[in-house]
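# Structure at a glance
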Amino acid sequence: MEESKKITIETKKISAYYGDKKVLHDIDLQMLENSVTAFIGPSGCGKSTFLRLINRMNDYIDIFRKEGDVFINGEDIYKKKVRIEELRKQVGMVFQKPNPFPKSIYENVIYGLRIQGMNNKNMLNEIVEKTLKQAALWDEVKDDLKKSALGLSGGQQQRLCIARTLAVSPSIILMDEPASALDPISTAKIEELIYNLKKEYTIVIVTHNMHQAGRVSDKTAFFLSGELVEYDDTNTIFTSPKDERTENYITGKFG
Amino acid sequence: MTNLQKELKVLKESVLEMLKLVLKQLDKASEAFLNMDDALAEEIIHTEKRVNAMELTIDKQCENVFALFNPVASDLRFTISMLKMNSDIERIGDYADGIADYVVALNGPIDAKAVKDARLAEMFEIAYHMLDVVIVSFESDNAVLPRQVFKKDKQLNEINKASSTLIEKMVLDDTQKTREALYLFSTIKKVERIGDHIKNIAEDWIFYMDGEVLKHRKKVPKSTD
Ligand SMILES: Nc1ncnc2c1ncn2[C@@H]1O[C@H](COP(=O)(O)OP(=O)(O)OP(=O)(O)O)[C@@H](O)[C@H]1O
Ligand SMILES: [Mg+2]
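Notes on the structure follow. The shown structure was predicted, so the numbers you read here are calculated from the model rather than taken from an experiment. (Residues numbered from 1 in each chain as written. Chains lettered and ligands numbered in written order. Predicted model: local features only at pLDDT ≥ 70, side-chain atom pairs only at ≥ 80, totals over all residues. Heavy atoms only, no water.)

## So, the overall build of chain A
Along chain A, the regular secondary structure elements total 11 helices and 10 strands. On the principal axes, the C-alpha backbone points of chain A span a range of 55 × 45 × 40 Å. The buried share among the 255 residues of chain A stands at 53%. In chain A, of all internal contacts separated by at least 6 residues, the share reaching a separation of at least 24 is 66%. When the accessible surface of chain A is split by element, carbon and sulfur atoms take 50% of a total near 12000 Å². Chain A carries 36 positive and 36 negative side-chain charges, and their two centres are separated by 5 Å. (Helix = DSSP H or I, 4+ residues; strand = E, 2+ residues; numbered from the N terminus. Buried < 20%, exposed > 50% of the residue type's maximum accessible area, 1.4 Å probe, protein only. Contact = heavy atoms within 4.5 Å. Areas by Shrake-Rupley, 256 points an atom, 1.4 Å probe, with all protein chains shown as cover. Lys, Arg positive; Asp, Glu negative; His and termini not counted. Charge placed at Lys NZ, Arg CZ, Asp CG, Glu CD.)

## What about the site of ligand 1?
Residues and elements named next belong to chain A. Around ligand 1, the surrounding shell holds 15 residues, and the nearest of these are Ser43, Gly44, Lys47, Ser48 and Thr49. Residue Gly44 places a main-chain N or O atom 2.8 Å away from an oxygen atom belonging to ligand 1. A distance of 2.8 Å separates an oxygen atom of ligand 1 from a polar atom in the side chain of His208. The protein chains hide 68% of the 630 Å² of surface that ligand 1 would expose on its own. Contributions of two or more residues to the shell around ligand 1 are made by strand S2 (21-32) and helix H1 (47-53). The element that contributes the greatest number of residues to the shell around ligand 1 is H1, accounting for three residues. Looking at the shell around ligand 1 residue by residue, the class counts come to six nonpolar, six polar and three charged. (Near = heavy atom within 4 Å. Polar contact = N/O pair within 3.5 Å; in protein donor to acceptor, adjacent residues only side chain to side chain. Nonpolar A, V, L, I, M, F, W, Y, C, P; charged D, E, K, R; others polar.)

## A few points about the pattern of salt bridges
Residue and element names in this part refer to chain A. The tally for this structure, following the rule as stated, stands at 33 salt bridges over all chains. The partner of Lys6 in a salt bridge is Glu33, and the shortest N-O contact between them spans 3.9 Å. A residue pair is termed long-range when its members are at least 10 positions apart, and Lys6 in the segment before strand S1 (7-18) and Glu33 in the loop between S2 and strand S3 (36-40) qualify at 27 residues. The exposure class assigned to Lys6 is partly exposed, which follows from its relative accessible area of 44%. (Salt bridge = Lys/Arg side-chain N within 4 Å of Asp/Glu carboxyl O.)

## Here's the deal with the sheet that holds strand S6 (residues 91-94) of chain A
Sheets are built from strands paired through backbone hydrogen bonds, the pairs being either parallel or antiparallel. All names here are of chain A. An order of S6-S7-S8-S3-S9-S10 is seen for the six strands of this open sheet, with the pairing classed as mixed. The two strands at the open ends of the sheet, each matched to only one other strand, are S6 and strand S10 (227-233). Here the average twist between neighbouring strands, direction ignored, is 15°. Sheet topology note: the strand S9 (residues 219-224)/S10 ladder contains six bridges and is antiparallel. Each bridged residue has a counterpart across the sheet, and for Lys219 the counterpart in S10 is Asp233. Along the sheet, helix H7 (residues 154-167) contacts S6 and strand S7 (172-176); its crossing angle with S6, the most-contacted strand, is approximately 170°. (Pairing = 2+ DSSP bridges. Axes fitted to C-alpha atoms, helices over the stretch in contact; angles between N-to-C directions.)

## Comments concerning the side chain of Lys190 of chain B
All names here are of chain B. Looking at the element boundaries, Lys190 is found in helix H7 (residues 178-210). With no salt bridge to any partner, buried Lys190 finds its closest opposite charge in Asp101, at an N-O distance of 7.8 Å. The contacts of Lys190, once residues within four sequence positions are left out, are Tyr95, Gly98, Ile99 and Tyr102.

## A word on the interface of chain B and chain A
On the side of chain A, 10 residues touch chain B, which itself brings 10 residues to the contact. Between chain B and chain A lies a buried interface of about 790 Å² when both sides are counted; carbon and sulfur atoms form 56% of it. Counting the contacts that link chain B with chain A gives one salt bridge. The salt bridge involving Lys253 of chain A is made with Asp75 of chain B; its shortest N-O contact spans 3.3 Å. Linking chain B with chain A are six residue pairs in polar contact (both at pLDDT 80 or more), by the criterion used here. For the side of chain B that touches chain A, the element with the highest residue contribution is helix H3 (residues 73-106) of chain B, accounting for five residues. (Buried area = accessible area lost by both parts, 1.4 Å probe.)

## Quick notes on the sheet that holds strand S4 (residues 64-72) of chain A
Strand order across the open sheet formed by four strands is S2-S1-S4-S5 (chain A), with antiparallel pairing between neighbours. In this open sheet, the two strands that pair with only one neighbour each are S2 and strand S5 (75-76) of chain A.

## Let's talk about the nonpolar core
Counting residues in each nonpolar core, the largest one holds 66 residues, and the members touching the most others are Val15, Leu19, Phe33, Met82, Met85, Leu131 and Leu184 of chain B. When contributions to this core are tallied by element, the ones reaching two or more residues are helix H1 (3-35), helix H2 (38-69), H3, helix H4 (112-117), helix H5 (120-139), helix H6 (148-173) and H7 of chain B. Looking at this core element by element, the count peaks at 14 residues for H1 of chain B. In this structure, Ile203, Ala213 and Ile250 of chain A together with Val72 of chain B belong to the second largest nonpolar core, which totals 48 residues. (Core = buried A, V, L, I, M, F, W, Y, C linked by side-chain atoms within 4.5 Å.)

## With respect to the environment of Ala188 of chain A
Mapped onto the secondary structure, Ala188 of chain A falls in helix H8 (residues 184-197). The spatial distance from the C-alpha of Ala188 of chain A to the C-alpha of Val91 of chain A is 24 Å, given a sequence separation of 97 residues.

## Observations regarding the packing of aromatic side chains
Taken as a whole and assessed by the stated rule, the structure comprises 10 aromatic pairs over all chains. Note on Phe101 of chain A and Tyr111 of chain A: the rings are 4.1 Å apart at their centroids and 35° apart in plane angle, and the pair reads as tilted. Here the residue Phe101 of chain A occupies a position in the loop between S6 and helix H3 (105-109), and Tyr111 of chain A occupies one in helix H4 (residues 111-115), the gap between them amounting to 10 residues. One aromatic cluster is present, formed by Phe78, Phe138, Trp205 and Tyr208 of chain B through successive ring pairs. Its end group placed over the ring of Tyr17 of chain A, Arg65 of chain A keeps NZ or CZ at 4.1 Å from the ring centre. Lying over the aromatic face of Tyr78 of chain A, Lys66 of chain A brings its terminal NZ or CZ to 4.5 Å of the ring centre. (Phe/Tyr/Trp six-rings, centres within 6.5 Å; stacked < 30°, edge-to-face > 60°. Lys NZ or Arg CZ within 6 Å of the ring centre and 35° of its normal.)

The values reported here are purely geometric and, on their own, carry no functional implication.
Here it is, written out as structure tokens:
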């Protein structure tokens, strides 16, 4: 059943460099539709770099260079004619630290839509309610939509950023340690949210919390020093990993 | 060594201690029944309390490891296998205790020829050997050695199967011997069950070592990819 899921994101022999330093080595990886794929691995192994390859965020780094290809729904996203704005609409990203704008909650959610030039008040209202509900924040803020987003707690801010990402209706959501700065209750909410979102989206999440990877993801990829060591069903990785390096990493035994 | 590794080491030592204690219980049960030794039987019954207490301690240790350390991969398999082994070891202790109860209840000699024909001494020996192999595998982190017990368990099953006709004959030949026959028959059944539990322990140990599930293998064939 699982295997019949469609491949949404596929990388072919992707390598990445910062200047002369090669930080990713020939990575082939397929990420499936309506699935959560988790990236785990020690600090500096290249998880964020790999994630940012999927929405071309690395393009802004002068010394960055890549080899190999990234396909989304079969299309090479690094082809000349691909428009970055279109790509960003399709691929949303949530960061480690919630980064709301110093505006109202309402304006934060529709930020991307405003940029796209959408002004229809009714439609905007509808989208705000829908996405805040999806992000499990609606009940907490529905009476304070005009208040500043900066007055929200960290966990609420993060859910707001997720709502903001959802508002432009992407099909893929990338998350780089989205819950690492949150308390257990906010973390549980984000995790539940991720679980629910996968029905409609393809989700890729970087996490340092091993058990979070276990709780939210269907597939797990373990990276080490820029290499993809093991990629498998999450339950296989956490019960019987095949590579000793994976075993040592997830059990906390090194060397 | 991480805190979890220390915790798992302590857990393994507890399980090993219990295994060795139960092996002794089994050995004594064999002697007590074959010699109808009341005093030895009482000793087994007394020690059974310690076995039960150990089971509770190990349960608690496993619970703590799950709750506090969230083990994964081989650590997870290890803790699961200790938890399962724990209950099988306890059951073996129960059976040894049950056999001791028979010795006390029978309170007298038992037909030596019938015991010999039923091959009870041999059964006890096989069971003892099986448990001993498991303990050695456990101590030396060996996943190959415990496979021996599967064949031994089959031997126990065969002896057990053959025993019913013998017991039936014993009763038909001399109805005076019915009580003895029943106790003998029940003891044979218990040793056979002990073999099953040792087999479970071996399977759990191999599951941990190899990450492979042996149980129900016939029902769920492993895909060959
Ligand atoms: N902008 C940059 N300029 C130069 N080197 C960089 C840059 N960003 C990342 N690197 C290097 O690339 C390698 C991979 O970094 P990356 O941030 O992808 O790792 P990571 O797995 O996400 O680590 P962490 O878990 O700490 O976030 C590291 O050696 C890092 O020092
Ligand atoms: Mg990172």
